[in-house]
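Structural overview
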Amino acid sequence: MIHVEALSYRYPRATVDAVRGISFSVGKGEVFGFLGPSGAGKSTTQKILMGSLAGYRGSAVTGGVEAGRADGSFRASIGVAFEFPCFYQKLTGMENLLLFSSLYPGPKDEPRALLDRLGLGEAADRRVGEYSKGMKMRLNLARALIHRPRMLFLDEPTSGLDPANARTVRELVLERAASGAAVFLTTHDMAAADALCDRVAFLVDGCIAACEAPAALKRRYGRQAVVVEHATPVGTPGGMPAAAPVEFPLAGLADNPAFLAELRKPGLVGVHTLDATLDRIFLELTGKELA
Amino acid sequence: MATRFGPLVAADIRMVARDPLLAIMPFAPLLAATALRLILPLLAGFLLSRLGFDLLAWAGLIRGIIILFPGMFYGMVAGFLLLDDRDDGIAAYWSVTPVRRSGYLLARLGLFSLAAVPAGLACALVLGLAPLRLSEDLVMAILGALQVPVYALFLAAFAANKVEGLSILKALGVLDMAPLAVLLPGSVGRLGWPVPQYWAAAGFLSGLSGHPEGIPLSVQFPGRGSVLAYILSGLLYAVWTAALLRRYLRRLE
């Protein structure tokens, strides 16, 4: 659905490229996470793919159309939710949704049902100026989804949402992917990326440092071991440190007598694998923090 | 295309109606024309008796300026809406929709420009003063409507916010007095040449048969000179609109 080959872009009057020869593809029904710190080139790449930024080098084909030649019908096939939700403040949520929905041809979602699903049913007839940031974020997603786009570009879709609403948003995104939409997700939120993405690409200084499924990355960069933790025994004098966690290699774990003995000790509180988190992998790969 | 622009136009009307400041602005030119209709005869009588100055001899010019008024006010309304959209980020969002930013601008500027034409004619009717000259009044109203994109884009391109926008408008209000420059002698009158409203007024006055008002115009057009002045006015509007559009789009990037 999206195919990018040796894509580079330099802003006018800049001395270096913002995007440097990146290549990747996103298939139908795939959720692709584009992760990286601010200024890495995420937004630039997204703008190119949405047909909003011309003058790039290389190739960026979205939905069979070279992004530089994107026309009205191309734009009708994409759904976009920017990081900062922008709406007409004097119009209600429903009026905003109907206005933008009216710009698109073809079948659409029932607006009231979509707003209900996102927990905005009761606020649908209130002006957007009275909405909280979280409500605007959900309306932002509704606007991106209502015309059933074949490609979704989502920038930080769960930012500012409480856990329950964040879960609803993730479910909706996964449903759209399951129905065949390609989802291009730009985020700093590693938890959201982990929960949603089939593959993630780490972007740093305009280059892709790694591009793989989150689980594969975590396996590769994690330690093949488990940690057994015990609570501090009751009656331990104050100031005494808790029992130190004990680490065992995964290989031969079932037959490891020390591991089994550790499990039998009283006060067992947890056994954890030592998978790497996406944050740690990013730091390890690039030497940079994501925030 | 019309079906896509319809909801944009409806949304703009709704937003204007819900803003106390903007809601009154479309009616301001008519209120001004009504006030002038009531005040001018009294003022003219006063000036004639006390100073021997016949204000009503300038009725054609006053009428021409009043017909231009709605263009300015409707341009302000469109400009404030663009300013809000720019600040709220919606102007950028339109570029990823099928109508694109050009469609959004066309719908908004088109709506207020079209509305300014009948409003200009209505102002002429309300003001009275001179007999109705439908074709000249209509041309003047159309040229007045061409002010809409100029005022709107000027506001959206240069104002940082609504308060600054109001200050800019006070300064821009001088432009609607630019037609008076046709009365200035020779080289001083040329100060009005870059202003489209100047040529609109020059055409309007040239069209008055034999200049019955005896107005000493700073520029004279032989033969069908009024048409030439109107064309010049239209061309100047196009140049100003193109320059301001460029500036506005650069500001959005």
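First things first, this report covers the structure right here in the doc.

1. A short note on the overall build of chain B
- In terms of regular secondary structure, chain B is built from 12 helices and zero strands.
- In chain B, the succession of α and β elements from N to C terminus is α-α-α-α-α-α-α-α-α-α-α-α.
- Computed over the C-alpha atoms, the radius of gyration of chain B is 19 Å, within 12% of the 18 Å expected from 2.2 N^0.38 for a compact globule of 253 residues.
- Principal axes of the C-alpha set define a box for chain B whose edges measure 60 × 35 × 35 Å.
- Expressed as a percentage of the 253 residues in chain B, the buried residues total 51%.
- Restricting the contact set of chain B to residue pairs at least 6 apart, pairs at least 24 apart contribute 76%.
- For chain B, the computed accessible surface area is about 11,300 Å², with 73% contributed by carbon and sulfur atoms.
- Counting 19 positive and 13 negative side-chain charges, chain B places the centres of these two groups 4 Å from one another.

2. Concerning the sheet that holds strand S6 (residues 78-81) of chain A
All names here are of chain A.
- Strand order in this open sheet of six strands is S6-S7-S8-S3-S9-S10, and the pairing throughout is mixed. Every interior strand has two partners, whereas the edge strands, S6 and strand S10 (207-212), have only one. Averaged over all pairs of adjacent strands, the angle between their axes in this sheet comes to 15 degrees, without regard to strand direction.
- Bridge count for strand S9 (residues 199-204) against S10 is five bridges, and the pairing is antiparallel. Looking across to S10, one finds that leucine 203 is bridged to isoleucine 208.
- Set on the sheet, helix H1 (residues 42-49) makes contact with strand S3 (31-35), strand S7 (151-155), strand S8 (182-187) and S9; between it and S8 the angle comes to about 155 degrees.
- Docked against the sheet, helix H10 (residues 278-286) engages S3, S9 and S10, running at close to 40 degrees with respect to S9.

Basis of the calculations
Residues numbered from 1 in each chain as written. Chains lettered and ligands numbered in written order. Predicted model: local features only at pLDDT ≥ 70, side-chain atom pairs only at ≥ 80, totals over all residues. Heavy atoms only, no water. Helix = DSSP H or I, 4+ residues; strand = E, 2+ residues; numbered from the N terminus. Rg over C-alpha atoms; globule rule 2.2 N^0.38 Å. Buried < 20%, exposed > 50% of the residue type's maximum accessible area, 1.4 Å probe, protein only. Contact = heavy atoms within 4.5 Å. Areas by Shrake-Rupley, 256 points an atom, 1.4 Å probe, with all protein chains shown as cover. Lys, Arg positive; Asp, Glu negative; His and termini not counted. Charge placed at Lys NZ, Arg CZ, Asp CG, Glu CD. Pairing = 2+ DSSP bridges. Axes fitted to C-alpha atoms, helices over the stretch in contact; angles between N-to-C directions.

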